[in-house]
2 protein chains.
Amino acid sequence: MINTFSIQARFGAHIKKLRLQSGLSQEAFADKCGLDRTYISGIERGVRNPTLQVISVLAGGLEVKISMLFDFK
Amino acid sequence: MINTFSIQARFGAHIKKLRLQSGLSQEAFADKCGLDRTYISGIERGVRNPTLQVISVLAGGLEVKISMLFDFK
DNA sequence: GTGTGACTACCAGTCCGTG
DNA sequence: ACACGGACTGGTAGTCACA
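Residues numbered from 1 in each chain as written. Chains lettered and ligands numbered in written order. Predicted model: local features only at pLDDT ≥ 70, side-chain atom pairs only at ≥ 80, totals over all residues. Heavy atoms only, no water.

Structural notes on the protein's contact with DNA strand C
Phase 1: Near DNA strand C there are 20 residues, and of these Y39, R48, N49 and T51 of chain A together with Q26 of chain B occur at the shortest range.
Phase 2: Q26 of chain B is positioned with one of its backbone polar atoms (N or O) 2.6 Å from a phosphate oxygen of DNA strand C.
Phase 3: R45 of chain B is positioned such that a nitrogen or oxygen atom in its side chain is 2.9 Å from a phosphate oxygen of DNA strand C.
Phase 4: Only helix 3 (37-44) of chain A together with helix 2 (26-33) and helix 3 (37-44) of chain B provide two or more residues apiece to the surface near DNA strand C. (Near = heavy atom within 4 Å. Polar contact = N/O pair within 3.5 Å; in protein donor to acceptor, adjacent residues only side chain to side chain. Helix = DSSP H or I, 4+ residues; strand = E, 2+ residues; numbered from the N terminus.)

Spelled out as structure tokens, the structure:
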């Protein structure tokens, strides 16, 4: 697959930024998304590789379009 | 997690559209991405739930920004 | 050139906990 | 409120033969 490494790290950092802008804690955000709190933590730290469905859910939880989650790069 | 519906189908359709606009066959596209042809097929048909890393590779193969892969919706 | 079912190894995602 | 760990289950990555 040979990847494009820090995509997870950059994605996670961006998610964190958007979450903080929404004034949500990781826990509140996780609840809103219906995901596990530790999983959100992992995503933001760049150690998780979320699927399309999860990315979609994250966008929903942040109340933004998916494309906005990729407004870095 | 409760599924946010046909996000996969819509994503796949959009990938297909972008691929055709690039004049690539599934095979050529798969080669360019370093992925299997049948895997691309699955994504375009909406039966696969690709991860962030795969999505990143797809964007690279199409030579577009990731956010452009979500320009639907 | 593409759709599809089946397959194994590995990871996505959950749940328990700690500091 | 968050980082980080271990253990677990189901789903995804990646590939094949065949239509």
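Next comes the rest of the write-up.
Some remarks on the pattern of salt bridges
Residue and element names in this part refer to chain A.
Phase 1: Enumeration according to the criterion identifies four salt bridges over all chains in this entry.
Phase 2: One salt bridge in this structure joins R19 and E44, with 2.5 Å as the shortest N-O distance. On the criterion of sequence distance, the pair formed by R19 in helix 1 (residues 7-21) and E44 in helix 3 is long-range, its members being 25 residues apart.
Phase 3: Since its relative accessible area comes to 9%, E44 is described here as buried.
Phase 4: We note a salt bridge from E63 to K32, for which the minimum N-O separation is 2.8 Å. One end of the pair, E63, is in the segment after helix 4 (52-62); the other, K32, is in helix 2 (residues 26-33), with 31 residues separating them in the sequence. (Salt bridge = Lys/Arg side-chain N within 4 Å of Asp/Glu carboxyl O. Buried < 20%, exposed > 50% of the residue type's maximum accessible area, 1.4 Å probe, protein only.)

Notes on helix 3 of chain A
Residues and elements named next belong to chain A.
Phase 1: Summarising burial for helix 3: six of the eight residues are buried, a large majority.
Phase 2: All buried positions along helix 3 are accounted for by Y39, I40, S41, G42, I43 and E44.
Phase 3: Packed against the buried residues of helix 3 are helix 1, helix 2 and helix 4. (Contact = heavy atoms within 4.5 Å.)

Here's the deal with the confidence of the model for chain A
Phase 1: Mean pLDDT over chain A works out to 92, with 92% of the residues at or above the 70 mark.
Phase 2: The model gives residues 1-5 of chain A a pLDDT under 50, and that stretch makes eight contacts with residues more than four places away or in other chains. (pLDDT = per-residue confidence, 0-100.)

Section: the side chain of H14 of chain B
Residues and elements named next belong to chain B.
Phase 1: With respect to the element layout, H14 can be found in helix 1 (residues 7-21).
Phase 2: Among the polar contacts made by the side chain of H14, one reaches the main-chain carbonyl oxygen of M68 at a distance of 3.1 Å.
Phase 3: Here H14 is in contact with M68, L69, F70, D71 and F72, once residues within four sequence places are set aside.

Digging into the relation of the copies chain A and chain B
Put simply, the two copies of the chain differ by a rotation about an axis and a shift along that axis.
Phase 1: Overlay of chain A on chain B (RMSD 0.1 Å): rotation 180°, translation along the axis 0.1 Å. Viewed as a symmetry operation, the transformation between the two copies matches a two-fold axis.
Phase 2: Taken together, the interface assignments show that 92% of the residues at the interface of chain A recur at the interface of chain B, consistent with an identical surface on both copies. (Least-squares fit on C-alpha atoms with pLDDT ≥ 70 in both.)

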